[in-house]
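Fold and contact review
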Amino acid sequence: MRNILALIQRFYVTLLFFGLLGLGLAMLFGSNNYQRSAFVRHSTDLVGEIYSRRDHLSQYLRLGEINDQLALENARLRSRLPSNFLITDTSTYDVADSLHRQRYIFRTGRVINATVTRDMNYLTLDRGEMQGVKKDMGVIAGGAIVGIVTSTSNNFSVVMPVIHSSFQTPVRLNGFYGQLTWRGGDPELARVDDIPKHARIQVGDTITTTGYSFAFPAGELVGFVTDIDDESKESFHVVTIRLATDFRKLNYVEIVSDLFREEIESIQKAQEQADGAIDH
Amino acid sequence: MAQSIIKSILRILFLILLQSLVVNKVQLLDGLILPWIYIFGLLMLPFETPRWLVLMVGFTVGFIMDYFTGPMGLHTTACVILAYLQPIIQNLLAPREGYEITQRPTIQKMNLTWYLTYAGLLTVAHHSVLFFLEVLRFNDFFYQVLHIVLSSLATLLLMAIGQYLIFTSKSSES
């Protein structure tokens, strides 16, 4: 017993080192993505407050650029006003209110902190649960996708952007479905997998969202094809795309909520359970 | 003594804020150069600080940085390794008679060569752990090495400039 105590006394610095090192590594690798974002969640209210103050200061420096962006947005929205359109088909126009039910609502938000140079990037928005933002909602900016909300606090939320190595979402390219992923490096380039080789695609083709996930409505812009690699023996194209969103200049975003999400999820779940019951 | 402790704590907090609010916003060459100057607060700890305390301070500083910037554990691990190596490097570089009680690990109290060796070794160690843990793959090996070398040089340069700006030769008490 005395020997053990003497040993501990002699090597306590090394023991402490390995203890703390183990603790650090456990934090890094022991937590899966969800727990990791739960940590972020604890930090958002405190750190979010500090970041939003900094943002208030640094925003003045970018007012010119923001003005340009807003003017552009205004111009685009004004061009969509009904008074700018010739009504060619009165039947659909008149009954729009009773035939169409709104599926998506858009809330505005501002990016108050962002990283773009890492492999696991995050954005922090100045909207949280009190403003109706929930986990798994989609985030878009100027009609192009940005990411998905991973955690929320009362007044802030953290978004996993497309440029995060764990991000995935289904996309559509010339009618075919693929998976959008990002593998680190250039924040402008991403990859689309699972597009079969018989699909005819060209550099410059547009990639949009499918509407299959609840995060994004169908047809939101994702990016444009810049490179197609057919070297591999697999039966899928390897497509490199240029993302439509410039994550370095992101400022105002819209948070998408799907009003039918719960309803659709509940019937899908019921169906899965019914199928599961047959299997057993 | 008490004054020196308070100064160390204030310096560390100031550097963490400076790092997360200002320096992280500066991305040179698309993030190829990313200085982590907050470790300056650790490198400045007096020579006579007990080793266990250096480790605990390293752990705490890393934890706070993680709290500010993203995946938990990243800076914690890098800072604990830095804090373990720091006294070892100090011993290796010690003058024959050992350090005097008035000496501090600064350019003014030691000299430029001593400081660049001391801070250079520790900065490279810290940055290497940090960047390889974050990326965790070796396929862009040369890019990573360039990243580490350039970022370490930027950190060293900023720390050296900081010392010339902050401490005149008279007022470098702590």
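Residues numbered from 1 in each chain as written. Chains lettered and ligands numbered in written order. Predicted model: local features only at pLDDT ≥ 70, side-chain atom pairs only at ≥ 80, totals over all residues.

This part covers the overall build of chain B. Looking only at helices and strands, one finds six helices and zero strands in chain B. Reading chain B from its N terminus to its C terminus gives the helix and strand order α-α-α-α-α-α. For chain B, the residues scored as buried account for 34% of the 174 residues in total. Residue pairs in contact within chain B that sit at least 24 positions apart in sequence constitute 70% of those at least 6 positions apart. (Helix = DSSP H or I, 4+ residues; strand = E, 2+ residues; numbered from the N terminus. Buried ≥ 20, exposed ≤ 12 C-beta atoms within 10 Å, placed from the backbone. Contact = placed C-beta atoms within 7 Å.)

Each helix and strand counted, chain A has six helices and twelve strands in total. Looking at chain A as a whole, 29% of its 280 residues are labelled buried.

Our focus in this paragraph is the confidence of the model for chain A. Considering every residue of chain A, the mean pLDDT works out to 81; 84% of them sit at 70 or more. A low-confidence stretch, residues 86-96 of chain A (pLDDT under 50), is modelled with one contact involving residues beyond four sequence positions or located in other chains. (pLDDT = per-residue confidence, 0-100.)

All right, on to helix α4 (residues 74-92) of chain B then. For α4(B), which comprises 19 residues, the first-to-last C-alpha distance of 27 Å matches the rise-based estimate of 27 Å (1.5 Å per residue) to within 8%. At Leu85(B), α4(B) shows its largest kink, close to 25 degrees, and the proline Pro87(B) lies no more than four residues downstream. (Expected span 1.5 Å × (residues − 1). Bend = angle between axes of the 7 residues up to and from the residue.)

Turning next to the packing of helix α3 (residues 51-69) of chain B against α4(B). Residues and elements named next belong to chain B. The interhelical angle for the contact between α3 and α4, taken along N-to-C directions, is 155 degrees, at an axis separation of 7 Å. With respect to α4, the element α3 is oriented roughly antiparallel. By crossing handedness, the relation of α3 to α4 is classed as right-handed. Between α3 and α4, the contacting residues are Arg 51, Val 54, Leu 55, Val 57, Gly 58, Phe 59, Val 61, Gly 62, Phe 63, Met 65 and Asp 66 on the first element and Leu 74, His 75, Thr 76, Ala 78, Cys 79, Val 80, Leu 82, Ala 83, Tyr 84, Gln 86 and Pro 87 on the second. Split into classes, the residues belonging to the contact of α3 with α4 amount to 15 nonpolar, five polar and two charged. (Axes fitted to C-alpha atoms, helices over the stretch in contact; angles between N-to-C directions. Parallel < 35°, antiparallel > 145°, perpendicular 65-115°, else oblique. Left-handed = near helix turned anticlockwise from the far one by under 90°. Nonpolar A, V, L, I, M, F, W, Y, C, P; charged D, E, K, R; others polar.)

Time to look at the packing of helix α1 (residues 2-21) of chain B against α3(B). Residues and elements named next belong to chain B. Between α1 and α3, the shortest axis-to-axis distance is 11 Å and the interhelical angle comes to 30 degrees. Here α1 is positioned roughly parallel relative to α3, judged by the angle of their axes. Crossing hand, α1 versus α3: right-handed. Residues Ile 12, Ile 16 and Ser 20 of α1 touch α3, and the partners they reach there are Val 61, Ile 64, Met 65, Phe 68 and Thr 69. Of the residues that constitute the contact of α1 with α3, the class distribution is six nonpolar, two polar and no charged.

Counting 43 residues, the largest nonpolar core has Val139(A), Ile140(A), Val146(A), Val159(A), Val162(A), Val192(A) and Val253(A) as its most contacted members. Of the residues that make up this core, three or more belong to each of domain 1 (34-80 + 102-161 + 252-259) and domain 2 (169-243) of chain A. Filtering out sequence-adjacent residues up to four positions away, Val159(A) remains in contact with Tyr122(A), Leu123(A), Leu125(A), Val139(A), Val146(A), Gly147(A), Ile148(A), Val149(A) and Thr150(A). By size, the runner-up hydrophobic cluster in this structure holds 39 residues, among which are Met27(A), Ile12(B), Ile37(B) and Phe40(B). (Core = buried A, V, L, I, M, F, W, Y, C linked by C-beta atoms within 7 Å. Domains from an automatic or database assignment.)

As a measure of interface size, the accessible area lost when the parts come together is often cited. Between chain B and chain A, the residue contacts involve 24 residues of the former and 22 residues of the latter. Mapped by element, the contributors of at least two residues to the side of chain B that touches chain A are α3, α4 and α5 (112-135) of chain B. In terms of residues, the side of chain B that touches chain A owes the most to one element, α3(B), which gives seven residues. By residue class, the composition of the side of chain B that touches chain A is 15 nonpolar, seven polar and two charged.

Attention shifts here to the environment of Leu93(B). Residue and element names in this part refer to chain B. By the element assignment, Leu 93 lies in the loop between α4 and α5. It is 7.5 Å that separates the C-alpha atoms of Leu 93 and Tyr 118, two residues lying 25 residues apart in sequence. With near-sequence residues (within four places) excluded, Leu 93 lies in contact with Trp 114, Thr 117 and Tyr 118.

Residues and elements named next belong to chain B. Tracing the backbone through its elements, the reader meets Pro 46 in the loop between α2 (40-43) and α3. Exposure remark for Pro 46: the 16 C-beta atoms within 10 Å place this residue in the partly exposed category. Along the primary structure Pro 46 and Thr 102 are separated by 56 residues, whereas in three dimensions their C-alpha atoms are 9.5 Å apart. Residues within four places of Pro 46 in sequence aside, it is in contact with Ser 4 and Arg 104.

The next subject is the confidence of the model for chain B. All names here are of chain B. Residue-level pLDDT values for chain B average 81, and 89% of them are 70 or greater. Predicted confidence is poor over residues 169-174, with pLDDT under 50, and the contacts of this stretch with residues over four places away or in other chains come to ten contacts. With a pTM of 0.57, the predicted complex shows an ipTM of 0.77.

Glancing now at the pairing of strand β7 (residues 176-181) of chain A. All names here are of chain A. Where strand β6 (residues 169-173) lies against β7, five bridges are found, and the strand directions are antiparallel. Counted as the bridge partner of Arg 172 is Tyr 177 from β7. Hairpin connection, β6 to β7: the antiparallel pair is bridged by two residues, and Asn 174 has positive phi, about 50 degrees. Judged from the three bridges that link them, β7 and strand β8 (residues 189-196) form a sheet pairing that is antiparallel. Bridge pairing in β8 links Thr 181 to Arg 191. (Pairing = 2+ DSSP bridges.)

So, about unusual backbone geometry. Residues and elements named next belong to chain A. Its identity is not glycine, yet Asp 136 carries a phi of approximately 75 degrees, on the positive side. Secondary-structure assignment places Asp 136 in the loop between β2 (123-125) and β3 (138-141). For Asp 136, a count of 13 C-beta atoms within 10 Å gives the class partly exposed.

In this section: the pairing of strand β4 (residues 144-152) of chain A. All names here are of chain A. In terms of burial, β4 is a largely internal element, eight of the nine residues being buried. Summarising the sheet, β3 and β4 pair through four bridges and their orientation is antiparallel. The partner of Ile 140 across the bridge, within β4, is Ile 145. Connecting β3 to the next strand, β4, in antiparallel fashion are two residues, including Gly 142 with a positive phi near 55 degrees. Relative to strand β5 (residues 157-161), β4 is paired through five bridges, and the arrangement is antiparallel. Paired with Val 149 across the bridge in β5 is Val 159.

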